[in-house]
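The residues making up each chain are set out below.
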Amino acid sequence: MKTIKLFFGFALLATLFTSCYQEVIIEDTNYSDPYSVITLDELINSYELWYIDVERKQGNGNIPFLQMAFTISFRNGELYANNNLVGFGSQGNGFGIDVGYYDTYNGTLGIDHDIDGYYNFQVTQLNNFEIELYFPQQNISYVLEGYQRNTFDYNKVFYRNIHYFLQEYEAWEKTYTSEYGNLNEFDYENHLGFLPGGGDGNFRSSRDPNGTHPYDLYWDYTGIYNVDDVYGTETLKYLTLDYDYFGNEYFELSVLNDHRIELFHNASGTLYEFTGRGYIQYKNAGEGKLRKSKAEIAESMKKISKF
């Protein structure tokens with residue numbers, strides 16, 4: 001009799017405790033209870049796009065293909081990524097390009113990236129639309145936010161990362177100068193180049209004539225560029241070109257399309273258009289940008305200001 005009472009006592013306690021929360025269990029196989037079990041493959045395929053929030057990355061160092069991508073997608077064993085802002089939202093029907101393969105087993109996610117190699121991640125579901133990928137070998141974790149393509153705001157991501165968009169061409173060639181506006185030194189700059197670097201990046205400019213191949217340009221000047229928001233609008237930006245040995249040039253930056261930008265020179269009142277030459281499709285992190293958090297950018301700017 002005592003044994004039976006003790007058994008029912010434990011059963012009552014177990015019922016009270018388990019009624020306080022609902023736990024989602026990630027397994028490799030689906031069991032009969034649809035309310036408590038979800039497979040890892042079902043979880044990562046529950047959204048078409050996973051936006052990588054670099055601001056919430058934890059740990060030193062980075063995973064190159066995650067640090068580069070704006071979104072990744074898991075599609076029938078193939079991994080897709082939106083690494084570029086040129087064509088963002090249209091390339092690969094919004095998924096981007098094929099960058100590798102993935103598999104799920106023993107509750108873990110294995111990714112075989114075409115360039116960066118193999119990574120084995122532990123996956124944690126944080127809530128209904130967020131997961132965390134943890135790479136124990138380097139103690140690094142990334143938070144991914146889930147979206148469907150028809151609800152994902154491609155434009156918002158694009159305009160919040162225009163400083164990376166500028167880096168996706170070998171050079172920007174000046175193809176239009178307005179007849180209005182005062183003469184100024186920038187009238188003689190025919191090419192601009194934006195590179196990953198400190199702060200928002202490094203820039204360089206050339207006075208070589210129009211039509212010069214990007215690889216044949218002689219870069220006359222170098223410096224640091226910075227892109228800032230304009231209060232009250234998402235699409236208009238401020239662009240500052242901080243020349244190494246000269247003063248700064250200030251512009252209002254507008255994007256006309258995937259390969260043309262408009263720069264309004266505030267000091268002279270002159271409007272310029274630049275066209276991108278030599279598109280760079282990112283797949284290898286060594287070939288282009290790695291996204292940085294705001295804190296990392298601020299730290300880079302502090303280092304630059306010391307020189």
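All values derive from a computational prediction rather than experimental measurement.

The rules behind the values
- Residues numbered from 1 in each chain as written.
- Predicted model: local features only at pLDDT ≥ 70, side-chain atom pairs only at ≥ 80, totals over all residues.
- Heavy atoms only, no water.
- Salt bridge = Lys/Arg side-chain N within 4 Å of Asp/Glu carboxyl O.
- Helix = DSSP H or I, 4+ residues; strand = E, 2+ residues; numbered from the N terminus.
- Buried < 20%, exposed > 50% of the residue type's maximum accessible area, 1.4 Å probe, protein only.
- Lys, Arg positive; Asp, Glu negative; His and termini not counted.
- Polar contact = N/O pair within 3.5 Å; in protein donor to acceptor, adjacent residues only side chain to side chain.
- Contact = heavy atoms within 4.5 Å.
- Pairing = 2+ DSSP bridges.
- Axes fitted to C-alpha atoms, helices over the stretch in contact; angles between N-to-C directions.
- pLDDT = per-residue confidence, 0-100.
- Phe/Tyr/Trp six-rings, centres within 6.5 Å; stacked < 30°, edge-to-face > 60°.

1. What about the pattern of salt bridges?
- With the rule as written, the count across this model stands at nine salt bridges.
- Where Arg-149 meets Glu-48, a salt bridge forms, and the shortest distance between an N and an O atom there is 3.2 Å. Residue Arg-149 is located in the loop between β10 (140–147) and α4 (154–159), and its partner Glu-48 is located in the loop between α2 (40–44) and β3 (49–58); the two are separated by 101 residues in the primary sequence.
- Judged by relative accessible area, which is 28%, Arg-149 ranks as partly exposed.

2. Some details on the side chain of Asp-53
- With respect to the secondary-structure elements, Asp-53 resides in strand β3.
- Buried charge without a salt bridge: Asp-53, with Arg-56 as the nearest opposite-charge side chain at an N-O distance of 4.2 Å.
- In terms of polar contacts, Asp-53 uses its side chain to reach the backbone amide nitrogen of Glu-55, at 3.1 Å.
- If we skip the residues at most four places from it in the chain, Asp-53 touches Val-143 and Glu-145.

3. Points about the sheet that holds strand β4 (residues 71–75)
- Ordered in space as β3-β4-β5-β6-β7-β8-β9-β10, the eight strands form a closed barrel in which the pairing is antiparallel. The average angle at which neighbouring strand axes cross in this sheet is 35°, direction not considered.
- Taken together, the five bridges between β4 and strand β5 (residues 78–82) define a ladder with antiparallel strand orientation. In the strand pairing of β5, Arg-75 is matched with Glu-78.

4. Quick notes on the pairing of strand β13 (residues 202–206)
- Of the pairings in the sheet, the one linking strand β12 (residues 191–195) to β13 comprises five bridges and is antiparallel in character. When the bridges of β13 are listed, His-191 appears paired with Ser-206.
- Inspection of the sheet shows β13 paired to strand β14 (residues 221–230) by four bridges, in the antiparallel sense. Paired with Ser-205 across the strands is Tyr-221, a residue of β14.

5. Observations concerning the confidence of the model for the chain
- Taken as a whole, the chain shows an average pLDDT of 84; of its residues, 79% reach a score of 70 or greater.
- Below pLDDT 50 for its whole length, residues 1–36 participates in 28 contacts with residues either more than four positions away or in separate chains.
- Note that pLDDT drops below 50 for residues 300–307; the model gives that stretch seven contacts with residues more than four away or on any other chain.

6. Observations concerning the environment of Leu-241
- Along the chain, Leu-241 falls in strand β15 (residues 233–243).
- Each C-alpha atom, one on Leu-241 and one on Gly-223, is 7.0 Å from the other, the two residues being 18 residues apart in sequence.
- If we ignore the near neighbours within four places in the chain, the residues touching Leu-241 are Phe-186, Leu-192, Phe-194, Phe-203, Ile-224, Tyr-225, Gly-247, Asn-248, Glu-249 and Phe-251.

7. Section: the sheet that holds strand β17 (residues 260–265)
- Around the barrel, which closes on itself, the eight strands sit in the order β11-β12-β13-β14-β15-β16-β17-β18 with antiparallel pairing between neighbours. Across this sheet, the average inter-strand angle for adjacent strands is 35°, counted without regard to direction.

8. What to know about the environment of Thr-235
- Among the secondary structure elements, Thr-235 is positioned in strand β15.
- Under the relative-accessibility criterion, Thr-235 is labelled partly exposed at 40%.
- Along the primary structure Thr-235 and Arg-160 are separated by 75 residues, whereas in three dimensions their C-alpha atoms are 8.8 Å apart.
- Look past the residues within four positions of Thr-235 in its chain and what remains in contact with it is Tyr-159 and Leu-253.

9. Let's talk about the packing of aromatic side chains
- Tallying each qualifying case throughout the model produces 25 aromatic pairs.
- A ring pair is formed by Phe-186 and Phe-251, whose centres lie 4.7 Å apart and whose planes are at 55°; its orientation type is tilted. A residue pair is termed long-range when its members are at least 10 positions apart, and Phe-186 in the loop between β11 (169–177) and β12 and Phe-251 in strand β16 (residues 248–257) qualify at 65 residues.
- For Phe-186, a relative accessible area of 1% translates into the label buried.
- Owing to a relative accessible area of 1%, Phe-251 belongs among the buried residues under this scheme.

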